[in-house]
Amino acid sequence: MKDYFIFFNNKFVRQSEATLPVLSASSQFGLNVFEGIRVYKEDSFYIFRLEDHLKRLNNSLSRIGFDTKVISTEKFIEILKELILLNDLNTDFSIRFTYLIDEIDSWSSNKSPVYFIAPFIRERNSSDTYKTMVLSDTRRISSLAMDPKIKCGANYINGRYALIEAKSKGADLPILKNKDNYISESTGACVFIVKQEDVITPSLDCDILESITRDTVIKIFQKNNYKVEERRISEDEFVESDEIFLCGSTAEITPIKPIKKRNFKIGDLTKFIFQEYQLAITARSYKNYAWTTKINFGKRS
Ligand code: PMP
């Protein structure tokens, strides 16, 4: 990966120069909270659902016990503009925005966190690719133990175990069930199924992250007069789905091959949401939802 400039601990530095003590709580225990935010390049750069990401990060900061509030939207945009210029970015990219502890301390650290904002190139999904999946034996972490609604680095180790299992079974990705045996989510993405014309997704009580893309998808379907159900999905119902797709800031819309389908073709509603999502992220449609923040460079652009 290219050694991009990032903003770390109040300075613009090369990624390779941004270091942490190995015995910091973040290095040892995955003690951090973060967001993955997409920026799309059209006539200008468009940040997708920035306010919602900052809101969720604020919530994660408070739930993990960090005594800091997230920086303002204005400050974030100023830093981002400088990163675009310093790195000479001219295409779609992603941002990792992370609060962590950069001092030697234990997992119970009550030190104040620092943050970094780091861009890296990531292009949009193409419409004809899909992934295979297995229903993993590894269960999604329970909100009673480690709340999946907090976007904390350590929570991702649960996804790592499930991914190792999925790969060992020859699939690209796992779909995890929760402690009560209902479908929960995948690693880094929420899941939707289609049965005839109905769109169904696990409800928020199924140990899932409150995904911003899931909300976007629900709103797009509803706007187009599709019925969307948020409820518990059993394994039997999941296995009988006509279509399955994942969604997330990184996953965007990712079609999934249902287990029983032999001659698999990406389904109509998956194609539909894929296309509509592309229109939403670039502000070509769904403008009244105000999901995108256009970056204006003034005279310099
Ligand atoms: N679930 C998990 C576990 C995730 O890490 C992500 C990615 N942030 C998602 C779902 C999708 O969330 P969002 O749409 O907000 O990116």
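Look up a bit, the structure's there.
Sequence order as written defines the numbering, with residues in each chain counted from 1. Given that this is a predicted model, residues contribute local features only at a pLDDT of at least 70 and side-chain atom pairs are listed and counted only at 80 or more, while totals for whole chains, interfaces and linings are drawn from all residues. Water and hydrogen atoms were dropped before computing side-chain values, which therefore reflect all heavy atoms in the structure.

**Considering the environment of S94**
Applied cut-off: Secondary structure elements follow DSSP: runs of H or I of four or more residues count as helices, runs of E of two or more count as strands, with numbering from the N terminus. The rule is simple: take the accessible area with a 1.4 Å probe, protein chains only, and divide by the maximum for that residue type; under 20% is buried, over 50% is exposed, in between is partly exposed.
Checked against the element boundaries, S94 lands in strand β5 (residues 93–100). S94 sits in the buried class, given a relative accessible area of 4%. Sequence separation between S94 and V114 is 20 residues, and the spatial gap between their C-alpha atoms is 20 Å.

**Details of the sheet that holds strand β10 (residues 190–195)**
In any sheet, the strands associate via hydrogen bonds between backbone groups, in a parallel or an antiparallel arrangement. Note the threshold: Strands are treated as partners if at least two bridges between them are detected by DSSP. Axes here refer to lines fitted to C-alpha atoms; in helices the fit is confined to the stretch in contact. Angles between the N-to-C directions go from 0 to 180 degrees.
An order of β9-β8-β7-β14-β13-β10-β11-β12 is seen for the 8 strands of this open sheet, with the pairing classed as mixed. Strands with a single pairing partner mark the edges of an open sheet, and in this sheet they are β9 (183–186) and β12 (228–230). Each strand axis lies, on average, 35° off the axis of its neighbour in the sheet, ignoring direction. In the sheet, strand β7 (residues 131–135) pairs with strand β8 (residues 173–177) via 3 bridges, with the strands oriented parallel. Within β8, the position partnered with M133 by the bridge is L173.

**Focus on the pairing of β10**
For β10, a buried count of 5 out of 6 residues is recorded, marking the element as mostly surrounded by other parts of the structure. The pairing of β10 with strand β13 (residues 243–248) spans 5 bridges and is antiparallel. Bridged to V194 within β13 is E243.

**Points about the sheet that holds strand β15 (residues 292–295)**
The strand order across the open sheet formed by 7 strands is β2-β1-β6-β5-β3-β4-β15, and the pairing between neighbours is antiparallel. The sheet is open, and its two borders are formed by β2 (11–14) and β15, each paired with just one other strand. Strand-to-strand, the axes of this sheet are offset by a mean angle of 25°, without reference to chain direction. Of the pairings in the sheet, the one linking strand β4 (residues 45–48) to β15 comprises 4 bridges and is antiparallel in character. Residue pairing for β15: F48 is matched across the bridge by T292.

**A look at the nonpolar core**
Put simply, the rule reads: Throughout, nonpolar core names a set of buried Ala, Val, Leu, Ile, Met, Phe, Trp, Tyr and Cys residues whose side chains join them through atoms within 4.5 Å. Contact definition: two residues touch when any of their heavy atoms are within 4.5 Å.
If you look at the biggest cluster of nonpolar residues, it comprises 35 residues, and the most contacted ones within it are I47, F76, L80, F97, Y99 and I117. Looking at this core, the elements with two or more residues in it are β1 (5–8), β3 (32–41), β4, α2 (50–63), α3 (73–86), β5 and β6 (114–121). The element contributing the most residues to this core is α3, with 6 residues. Discounting residues that sit within four places of it in the chain, L80 has contacts with V39, I47, F93, I95 and I295. Within the second largest apolar cluster, 24 residues are counted, among which are C190, F221, I273 and Y286.

**With respect to α2**
Just so we agree on the cut-off: By definition here, a helix of n residues has an expected span of 1.5 Å times n minus one. Each C-beta atom gives one direction from the helix axis, and the arc is the one those directions make.
Between its first and last C-alpha atoms α2 spans 20 Å; for 14 residues at 1.5 Å apiece the expected length is 20 Å, and the two agree. Every buried residue belonging to α2 is among L50, H53, L54, R56, L57, S60 and L61, and all of these are buried. In an axial view of α2, the angular spread of the buried residues amounts to 165°, which keeps them on one side of the axis. For α2, exposure combined with an orientation more than 90 degrees from the buried face picks out K55 and S62. Positive phi shows up at G65, right after α2, with a value of about 85°.

**Things to note about the site of the ligand**
Which entries qualify depends on this criterion: One heavy atom within 4 Å of a molecule or strand is enough for the residue carrying it to be called near that molecule or strand. A 3.5 Å cut-off defines polar contacts: any pair of N or O atoms within that distance qualifies, except that in protein one atom must be a possible hydrogen donor and the other a possible acceptor, and neighbouring residues in sequence count only when both atoms are side-chain atoms. Here the open area of atoms and residues is found with the Shrake-Rupley method and a 1.4 Å probe, where only the protein chains shown may cover a residue. All residues other than Ala, Val, Leu, Ile, Met, Phe, Trp, Tyr, Cys, Pro, Asp, Glu, Lys and Arg, Gly among them, are scored as polar; the first ten of these are nonpolar and the last four charged.
Taken together, 14 residues form the shell around the ligand, and within it Y156, E185, S211, T213 and S249 come nearest. Separating an oxygen atom of the ligand from a side-chain N or O atom of Y156 is a distance of 2.4 Å. T213 places a side-chain nitrogen or oxygen 2.5 Å from an oxygen atom of the ligand. When the ligand is considered free in solution it has 380 Å² of accessible area, and contact with the protein chains removes 94% of it. Its residues placed into classes, the shell around the ligand shows 5 nonpolar, 5 polar and 4 charged.

**A look at unusual backbone geometry**
With the exception of glycine, the majority of residues adopt a negative phi angle, and the majority of peptide bonds are in the trans configuration. Even without glycine at this site, N10 takes up a positive phi of about 70°. Residue N10 is classed as exposed on the basis of its relative accessible area, which comes to 52%. Unusually for a residue other than glycine, N181 sits at a positive phi of about 80°. Mapped onto the elements, N181 comes out in the loop between β8 and β9.

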